[in-house]
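Tertiary structure, described
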Amino acid sequence: MTVTTSSPPSEGNAARSDAASSSFLFLSDILYRPVEDSLGDPIGRLDDLSIDVTEPFPRVRECVIRQPWPNELRLSCRWNDVGDFHREKIHLTVSPDQLVPASPEGINEVRLRRDVLDKQVVDVSGLKIVRVNDIHLLVTHFELRVMHVDVGFRGLVRRLGLESFIDGALTRLLPQAFYLRSDNLISWQLIETLSPSASHHHLQLSLSRAQLRQAHPADIADLIAELDPPRRLRLFRALDPDTRAKALAKLPVEVQARLLEMMSPHEAATVMGTMPPDEAADLLAGLPNVAREELLAHMSHEEASDVQGLLAYPPGTAGALMNTEFIVLSHHLTVGEALEELRASAPSAETIYYLYVVNEARTLVGVLSLRSLITESPATPIAQVMLKRPVSVQADDTLAECASLVAKYKLLALPVVRPDHTMLGVITVEDVLGEVVSQAWTRKFARR
């Protein structure tokens, strides 16, 4: 694979100007090659390449050379001191006394073999974790730059030295094989390494807020769940508060618990406070009693009260499933007044599928769909357009009863009321389906 370039070769790098154009190679093509000095005497083997990560496509700055056993000292030279690396040996333009011991890592320095090769990275474009099997480099007359990482199976085959054999066999036997066209290269700009260390010689996870906001919370949750605990916490902390709460709610219970255990009680309580009360209650229900009480103690009084109220209901009941953030309207309002209240209340409500109408005693007397509200004249009293005697459940009704009503009346949400018909909360169709699916899977695996 070759691209043309119009940059003239420099006089000091004339030995690198064999080709009239720049080209690509893989790190595995030159890694561990013998290295010789300016007189042709052997020095060791190429152990690594050091890059400067401040550039979009990092430039190779230094070569790290491993000396023959038993000498464990590694030497380094500037990339500009490499005269030729296209042949079987890498030829330097300097003498051995001009080489220096490989220094501790610089502030912006990353080594390709040690810090990137075989490491997990995030493919930002697809927000998924992949493994780096090789590194794709652009060769010009002046420099060597990192362009892509190879995360495909072919990269692994190349590393094992089997590419020529396998490619040759497949070309003869299966010339249309997908493998022959399956280089899986990801641009360096679209990956982030997931080092658990915050030390300066590792690439840091720095997914932009814009990139994370574009991803669905369920996809972010899948990504978080795949990581080990230190990396998991780093990614979680990189999220904005709203995305953090939504992603946390999508995680498996055991991952939620481990993630919260790694935070201080104050940080964990702050995260819990941004979640809808029903989701926070579900999360706390899976924690040990001591951890649960500690988190509740660090939450605000109002938040803790809402969550404790939900925790009091037995699992699998309407009370345990409901959310206490919903919109109620007075039956005296007009459509125009109701729309004004909706604009003010909608940001704090989990759902605005339906608007619930109550009388002076806060008793549920009707329900409005958003569609019916926006299609009516502003002067129309909502009492004239609301659906009277809406379907509802009580807090101790079972999941099966809730699911039956949702399916029978094709509801998007179901109000939960006290015996006197004052409202307690709302169950969404997502809540019902999620719980039904969860129980079905639990029963399926229990039978195995």
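Shown above is the structure to which this text applies.
Notes on the structure follow.

Take the packing of aromatic side chains next. One pass over the full model with this rule turns up one aromatic pair. Here the aromatic rings of tryptophan 79 and phenylalanine 85 are separated by 5.1 Å at their centres, their planes lie at 55°, and the arrangement is tilted. Like tryptophan 79, the residue phenylalanine 85 is buried in the burial classification. The lysine or arginine in question, arginine 158, covers the ring of phenylalanine 26, its NZ or CZ lying 3.5 Å from the ring centre. The cationic tip of arginine 244 hangs over the ring face of phenylalanine 236; the distance from NZ or CZ to the ring centre is 5.8 Å.

The pairing of strands in a sheet comes from backbone hydrogen bonds and takes either a parallel or an antiparallel form. Strands sit in the order S21-S22-S23 across an open sheet of three strands; the sheet is mixed. Of all the strands in the sheet, the pair left with one neighbour each is strand S21 (393–394) and strand S23 (423–428). Relative to S23, strand S22 (residues 413–417) runs antiparallel, the two being bridged by five bridges. Across the sheet, residue valine 417 finds its bridge partner in S23, namely methionine 423. On top of the sheet, helix H18 (residues 399–409) reaches S21, S22 and S23; it is set at about 135° to S22, its chief contact.

Another point: the layout of surface pockets. Using a probe with the size of a water molecule, rolled over the atoms, empty space left in the structure can be pinpointed. In this structure, the largest pocket spans a volume of roughly 1400 Å³. Surrounding the largest pocket, 40 residues form its lining, Ala249, Asp278, Glu279, Asp282 and Asp431 being those nearest its centre. Elements with a minimum of two residues in the lining of the largest pocket: helix H8 (241–250), helix H9 (253–261), helix H11 (277–285), helix H13 (301–311), helix H14 (318–321) and helix H19 (429–446). If you tally residues by element for the lining of the largest pocket, the top one is H11, at six residues. Split into classes, the residues belonging to the lining of the largest pocket amount to 19 nonpolar, ten polar and eleven charged.

Looking now at the sheet that holds strand S19 (residues 364–369). Strand order in this open sheet of four strands is S17-S18-S19-S20, and the pairing throughout is mixed. In this open sheet, the two edge strands, each paired with only one partner strand, are strand S17 (328–330) and strand S20 (387–388). Looking at chain direction, S17 and strand S18 (residues 354–358) are connected through three bridges and run parallel. Its bridge partner lying in S18, serine 330 is registered against valine 358.

Now for the packing of helix H6 (residues 217–226) against H8. One way to put it is that H6 packs onto H8 with a least axis distance of 8 Å and a crossing angle of 65°. In this view, H6 runs roughly perpendicular relative to H8, as classed from their interaxial angle. As for the relative orientation of H6 and H8, their crossing is right-handed in sense. Contacts between H6 and H8 involve Pro217, Ala218, Ile220, Ala221 and Ile224 from the first element and Thr243, Lys246, Ala247 and Lys250 from the second. In the contact of H6 with H8, the residues fall into six nonpolar, one polar and two charged.

Conventions and cut-offs
- Residues numbered from 1 in each chain as written.
- Predicted model: local features only at pLDDT ≥ 70, side-chain atom pairs only at ≥ 80, totals over all residues.
- Heavy atoms only, no water.
- Phe/Tyr/Trp six-rings, centres within 6.5 Å; stacked < 30°, edge-to-face > 60°.
- Buried < 20%, exposed > 50% of the residue type's maximum accessible area, 1.4 Å probe, protein only.
- Lys NZ or Arg CZ within 6 Å of the ring centre and 35° of its normal.
- Pairing = 2+ DSSP bridges.
- Helix = DSSP H or I, 4+ residues; strand = E, 2+ residues; numbered from the N terminus.
- Contact = heavy atoms within 4.5 Å.
- Axes fitted to C-alpha atoms, helices over the stretch in contact; angles between N-to-C directions.
- 1 Å grid on protein atoms, 1.4 Å probe; cavity = no way out; pocket = protein on both sides within 12 Å on 5 of 7 lines; lining within 4 Å.
- Points joined across faces, edges and corners; volume = space filled by probe spheres on them.
- Nonpolar A, V, L, I, M, F, W, Y, C, P; charged D, E, K, R; others polar.
- Parallel < 35°, antiparallel > 145°, perpendicular 65-115°, else oblique.
- Left-handed = near helix turned anticlockwise from the far one by under 90°.

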